[in-house]
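Residue-level structure breakdown
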Amino acid sequence: MYEVLETIQTTYSGKEAEILTKAFYFAKEAHANQKRASGEEYFTHPCAVAQILIELGMDCSTIAAAFLHDTIEDTYVSEGDIKKEFGEEILQLVQGVTKLEKIEFKSHEEEQAENFKKIFVSMAKDIRVIIIKLADRLHNMRSLNFLSSERQQRISKETLDIYAPLAGRLGISQIKCELEDLCLKYLDPEAYEFLATNINSKLAERRKFVDFVIKEIQEILAESNLQGEVFGRPKHFYSIYKKMKNQGKTLDQIYDLTAVRVIVNEIDECYELLGKIHKKWKPIPGRIKDYIAMPKPNMYQSLHTTVVTDFGQTFEIQIRTKEMHRMAEYGIAAHWKYKENKTVEDNFDTRLSWIREVMEWQGGVKDSKEFLESLKGDVYSSEVLVFTPKGEVKSLVKDATPIDFAYSVHTEVGHHCVGAKVNGKMVPLNTVLQTGDVVDIITSKTSKGPSWDWLKIAKSAGSKNKIRQFFRREMHDENIKIGKSMLEAEARNKGYNFGELLNPVSFERIQNKMSFSTPEEMYMAVGGGIVTVNQVLVKLIDVARKETAKDDNRKFVSTHHSSTGDVIVKGVEGLLIRFAGCCNPVPGDKIIGFISRGRGVTVHRADCPNMKNETPDRIVEAVWSGKVGSDYIVSIEIHAEESASVLQVVSGICAQLNLFITSVNGRIDTKLRISIVDMTIRLNTAGDLDTLIKKISAEKGIIEVFRV
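Rules of the game
Residue positions are given per chain, counting from 1 as you read along its sequence in written order. In keeping with the predicted nature of the model, local features appear solely for residues at pLDDT of at least 70, side-chain atom pairs appear and are counted solely at 80 or more, and the whole-chain, interface and lining totals rest on all residues. Side-chain metrics in this entry use all non-hydrogen atoms of the structure; hydrogen atoms and water are not considered. In DSSP terms, a helix is any run of H or I states spanning at least four residues, a strand is any run of E spanning at least two, and both are numbered starting from the N terminus. Take the residue count of a helix, subtract one, and multiply by 1.5 Å to get its expected span. As used in this record, nonpolar core signifies buried Ala, Val, Leu, Ile, Met, Phe, Trp, Tyr and Cys residues forming a set joined through side-chain atoms within 4.5 Å. Relative accessibility thresholds used throughout: buried, under 20% of the residue-type maximum; exposed, over 50%; partly exposed, between the two (1.4 Å probe, protein chains only). Polar contacts, as used here, are pairs of N or O atoms within 3.5 Å; protein pairs need one atom able to donate a hydrogen and one able to accept it. Residues neighboring in sequence count only if both atoms are side-chain atoms. We define the bend at each residue as the angle formed by axes fitted to the 7 residues ending at it and the 7 residues starting at it. Here an angle of 0 to 180 degrees is reported between the N-to-C directions of two axes, which are lines fitted to C-alpha atoms, with helices fitted over the stretch in contact. Working definition: roughly parallel below 35 degrees, roughly antiparallel above 145 degrees, roughly perpendicular at 65 to 115 degrees, and oblique for all remaining angles. Here is the rule for handedness: rotate from the far helix to the near one, and if that takes an anticlockwise turn smaller than a right angle the crossing is left-handed, while a clockwise turn gives right-handed. Should any heavy atoms of two residues lie within 4.5 Å, those residues are counted as being in contact. Strand pairing is assigned whenever DSSP detects at least two bridges linking the two strands.

Re helix α29 (residues 646–657)
Here α29 contains 12 residues, and its C-alpha end-to-end distance of 17 Å stays within 8% of the 16 Å for a straight helix at 1.5 Å per residue. Of the residues one or two after α29, Asn658 is the one with positive phi, at around 60 degrees.

Dropping the structure here:
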């Protein structure tokens, strides 16, 4: 752990090194006698987190907070102690990383969601909070092998769902790739081991090929008088795993296991080199990506192309400037690592714009779990790049619509949207946008605002919450009172008590269908005329009827006594019950009841072909009571070769099992040249049928035996 002190002395100035040394010994004393699951001193963990952040080039306050990040939560140290010793800035960073305390949660999921929301709010104030948290999570993942299998799976899934995408969104590819590979190791260990073994087995062969490509590109650079660095970069396991899974490919079918990266000085040189590489090797259509002209949402920039050599080998080449390379590797952390560079400063605010957007809409969500789900589905899935009519690029979530585009331009543009043009043509507002589309929003000052139906059309959490905030602002308390009063009055007119109709179960059903997040929202929509009273009430009554029917099923049963066994039919009372002749159900069979008009309930086998197309609401639950009679009748059909003595064989087996044959019908199928025998047999126990079929099937000349 003392190695980190040596790194500090060579990396930071005298005053900064003094502060960090003080933080090191302060935290070391606070964590004295504490152990990790591995048996190591606990303080090795804060040291490892600090080391990761030093490698990222983070500032003095961030490294100090890394040493101290677990002291408030796990030791006697108070917030006042940290403020006194290290000041307000470092205290706020430690507070941002510290988990919530003294709050009881119903579940781990709720606790995780609330903690992450707290971290995200802190991160909006100071982005360094999440960088510390990512380094903390990375070291925890590196030492995950000391925990139980259950905790390994839970922590890995949380990391893959939240922290790895967030590292990617911040552009810190080093951390993102390592987190993903570590998650794969625990979530799908067989796949991880397969990739590790098979990729490494061909490492020498692949290095030889990469060396060949590097030499060829260096010759192109020399011929063009371009200065550049060329090197190979093996793709991390998780990216290969995803490609195999999503595209259904084997490892042998994935050719770009190693990407060749070229670093040049100027943007113009990137395009010049791309053209010359395409002149030498044929590019694969659809695999040329210009992230310089259209950066990724995390501001990643590079040219990507996949080409084929003269001897048919496929590989990927990435071309970028030195500045782009720094940003690609360090992402948001490059703001501190390369502080003297103005481009980095300019990109910093751009990279943080999505965080401000999230904080703008997060006040509109009702709880932390909804916030976390919205974040996963919105911030982490920006995949569609579209253009404004002026050529500005907008990054939207997958399957985004013109409504999402309108709200991404400005909230008021969204509120006053009345139509949209995509690539010059008028389109419906629910049109799914594709990368490269040019979108023009048509607005009207006379528009009264968004429609409630837009909640079903919009895909991004930001758009949905802006729509909800509009209705919450416009539909004040008066509309809540009016809406509730209207629903109660109409319910009385229909003979219902509204208080009984509206319960957690019924509201959940109506919530899914009409996009209400709270009952108050529903009252506001009714009171404001957004939806009608009957639209809401009909759905509530429908749910109430179905729930009542379930209760009735539990209350009322009928029992049928027969020589074969007792049957209990649920949900009916006082009806005649009989067995179906088409499938002859016997004890041990799964059964159902079918309500016949004027004929009571007929009991069928659950797999009876005649029941496949019947109306579900006429089918009721039925079970055997367990009181089985002395005997019962079943029918079987036997297919045999023409020469087989079927009757003699079956008679002998029935005699052996003490079973009685009640009827026999035989015929010859001249086309198939087989004998077909239908038999009705009285069995003694439920197990006799399986035994009989197995014994007949085992005889010579028998083709198949099945129950009719």
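Points about the nonpolar core
Counting residues in hydrophobic clusters, the biggest one holds 60 residues, and the most contacted among them are Leu53, Ile63, Phe67 and Ile175. Residue contributions to this core peak at 8 residues, all from helix α9 (residues 128–142). Listed in part, the 43 residues of the second largest apolar core include Val397, Val531, Val533 and Ile541.

Description of the side chain of Ser302
Looking at the secondary structure, you find Ser302 in the loop between β4 (289–290) and β5 (303–308). Looking at Ser302, its side chain comes within polar contact range of the side chain of Arg320, at 3.4 Å.

Structural notes on helix α10 (residues 149–169)
If you check α10, its first and last C-alpha atoms are 29 Å apart, about what 21 residues at 1.5 Å a residue would give, namely 30 Å. The largest bend in α10 comes to about 45 degrees, at Leu160. Where α10 is concerned, the buried positions are Gln152, Ile155, Ser156, Glu158, Thr159, Ile162, Tyr163, Ala164, Leu166, Ala167, Gly168 and Arg169. Of the residues one or two after α10, Gly171 is the one with positive phi, at around 80 degrees.

What to know about unusual backbone geometry
At Asn225, a position not held by glycine, the phi torsion is positive, near 55 degrees. With respect to the element layout, Asn225 can be found in the loop between α13 (203–223) and β1 (228–234). For Asn225, a relative accessible area of 71% gives the class exposed. The phi dihedral of Asn658 falls on the positive side, at around 60 degrees, and the residue is not glycine. By the element assignment, Asn658 lies in the loop between α29 and β19 (660–669). Of the residues examined, Asn658 reaches a relative accessible area of 62% and is grouped as exposed.

Considerations on the packing of helix α3 (residues 44–56) against α9
Put simply, α3 and α9 touch, their axes get as near as 9 Å, and they point 125 degrees apart. Classified by the interaxial angle, the pair formed by α3 and α9 is oblique. Crossing hand, α3 versus α9: right-handed. Contacts between α3 and α9 involve Thr44, His45, Ala48, Val49, Ile52, Leu53 and Leu56 from the former and Ile131, Ile132, Ala135, Asp136, Leu138, His139, Asn140 and Arg142 from the latter.

Observations concerning the environment of Ser697
Along the chain, Ser697 falls in helix α30 (residues 688–697). On the basis of relative accessible area, Ser697 is assigned to the partly exposed category, the value being 36%. Those residues in contact with Ser697, other than ones at most four positions away along the chain, are Ile702 and Val705.

Re the sheet that holds strand β10 (residues 425–427)
In spatial order, the strands read β10-β9-β11; together these 3 strands make up an open sheet with antiparallel pairing. Unpaired on one side and paired on the other, β10 and β11 (439–443) mark the two borders of the sheet. The mean angle between the axes of side-by-side strands here comes to 35 degrees, regardless of whether they run parallel or antiparallel. Here 3 bridges tie strand β9 (residues 417–422) to β10, and the two strands are oriented antiparallel to one another. Bridge assignment links Lys421 to a residue of β10, and that residue is Met426.

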